[in-house]
Amino acid sequence: MNIEQARFNMIEQQIRPWDVLDPGVLALLAVVRREDFVPAAFRSMAFMDTELPLPEGQCMLAPRVEARLLQELQLQRHESVLEVGTGSGFMAALLAHRARQVVSLEISEALTRMAQDNLRRAAVMNAAVRCADGSAGLSGEAPFDAIVLSGSVAAVPRPLLEQLKVGGRLIAIVGDEPVMRARMYRRADASSWSQTDLFDTVAPRLRGLPES
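Residues numbered from 1 in each chain as written. Predicted model: local features only at pLDDT ≥ 70, side-chain atom pairs only at ≥ 80, totals over all residues. Heavy atoms only, no water.

(A) The sheet that holds strand S6 (residues 144–153), seen in detail. Strand order in this open sheet of 7 strands is S5-S4-S3-S6-S7-S8-S9, and the pairing throughout is mixed. Strands with a single pairing partner mark the edges of an open sheet, and in this sheet they are strand S5 (127–131) and strand S9 (192–201). In this sheet, adjacent strand axes meet at a mean angle of 15° when their direction is disregarded. On the sheet, helix H3 (residues 63–73) packs against S6, strand S7 (164–176), strand S8 (179–189) and S9 and is oriented at approximately 150° with respect to S9. The strands that helix H5 (residues 109–121) touches are strand S4 (101–106) and S5; relative to S5, the one it contacts most, it runs at about 165°. (Pairing = 2+ DSSP bridges. Helix = DSSP H or I, 4+ residues; strand = E, 2+ residues; numbered from the N terminus. Axes fitted to C-alpha atoms, helices over the stretch in contact; angles between N-to-C directions. Contact = heavy atoms within 4.5 Å.)

(B) Broad picture of the side chain of Arg183. Along the chain, Arg183 falls in strand S8. On the accessibility criterion, Arg183 (17% relative accessible area) is buried. Not counting the four nearest positions on each side in its chain, Arg183 is found in contact with Leu170, Ile171, Ala172, Val174, Gln195, Thr196, Asp197 and Leu198. (Buried < 20%, exposed > 50% of the residue type's maximum accessible area, 1.4 Å probe, protein only.)

(C) Representation of unusual backbone geometry within the structure. With an omega of 5°, the peptide bond running from Ala142 to Pro143 counts as cis. Mapping Pro143 onto the fold places it in the loop between S5 and S6. Look at Glu56: it is not a glycine, yet its phi comes out positive at around 60°. Residue classification places Glu56 among the partly exposed positions, given a relative accessible area of 46%.

(D) Region of interest: helix H4 (residues 90–98). In terms of burial, H4 is a largely internal element, 8 of the 9 residues being buried. Those residues of H4 that fall on the buried side of the exposure criterion are Phe90, Met91, Ala92, Ala93, Leu94, Leu95, Ala96 and Arg98.

(E) Quick look at the pattern of salt bridges. With the rule as written, the count across this model stands at 18 salt bridges. Among the salt bridges present, the one from Arg207 reaches Glu56, with a minimum N-O distance of 3.1 Å. With Arg207 in the segment after S9 and Glu56 in the loop between strand S1 (52–53) and strand S2 (59–60), this residue pair connects regions lying 151 residues apart in the sequence. Put simply, Lys165 and Asp145 hold a salt bridge, and the shortest N to O gap is 3.3 Å. With Lys165 in strand S7 and Asp145 in strand S6, this pair connects stretches of sequence that are 20 residues apart. (Salt bridge = Lys/Arg side-chain N within 4 Å of Asp/Glu carboxyl O.)

(F) Region of interest: the packing of helix H1 (residues 3–15) against helix H2 (residues 23–31). Across the interface, H1 lies against H2 with an axial gap of 9 Å and an inter-helix angle of 150°. Here the hand of the crossing between H1 and H2 comes out right-handed. Contact with H1, carried on its side by Arg7, Met10, Ile11 and Ile15, involves Leu26, Leu29 and Ala30 of H2 and no other residues of that element. Residues of the contact of H1 with H2, tallied by class, amount to 6 nonpolar, no polar and 1 charged. (Left-handed = near helix turned anticlockwise from the far one by under 90°. Nonpolar A, V, L, I, M, F, W, Y, C, P; charged D, E, K, R; others polar.)

What follows is the structure, encoded as structure tokens:
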């Protein structure tokens, strides 16, 4: 497999046509080596337009979904980010290239170790992975400028919304199959949030989060 050609095709044939047009995001996808975050058995599928299996029944989101979520967040270099659902660590790596600091919570011990190893090999120094149930967030280090749920939920847990800074935003894929939507929540003030539906998609459930 010509890896660089496959990476180029992923960007030009899957990601750009899905309205991912931010030059910074596209450039980042060209240099962060997705194949290094894919289990060895599936490395030949690293650039395909599909979810990829991870240990313990989890999976990586399709590249176009990851890219679109990253674009919609519009991260700034000074911002701090909380991710819920680390998986292989690829999304944490992308976030870390755009933000000041990323903390990612993963409920699976095996995936926590995998993601930590992947990020270390990729020399990503500003992303920390912790083994924890992400439904409660990380109140001791809140508030965050941005929160990303790297999987779907029936509804966003209130504690996560409350850990946003005023003006901060949370992005999640919300709903039940076959109808799910990527949704952006913005904290307007101490007690209110706005929400905007961004695009329709379907993603696997995050483990450990409530079903209602």
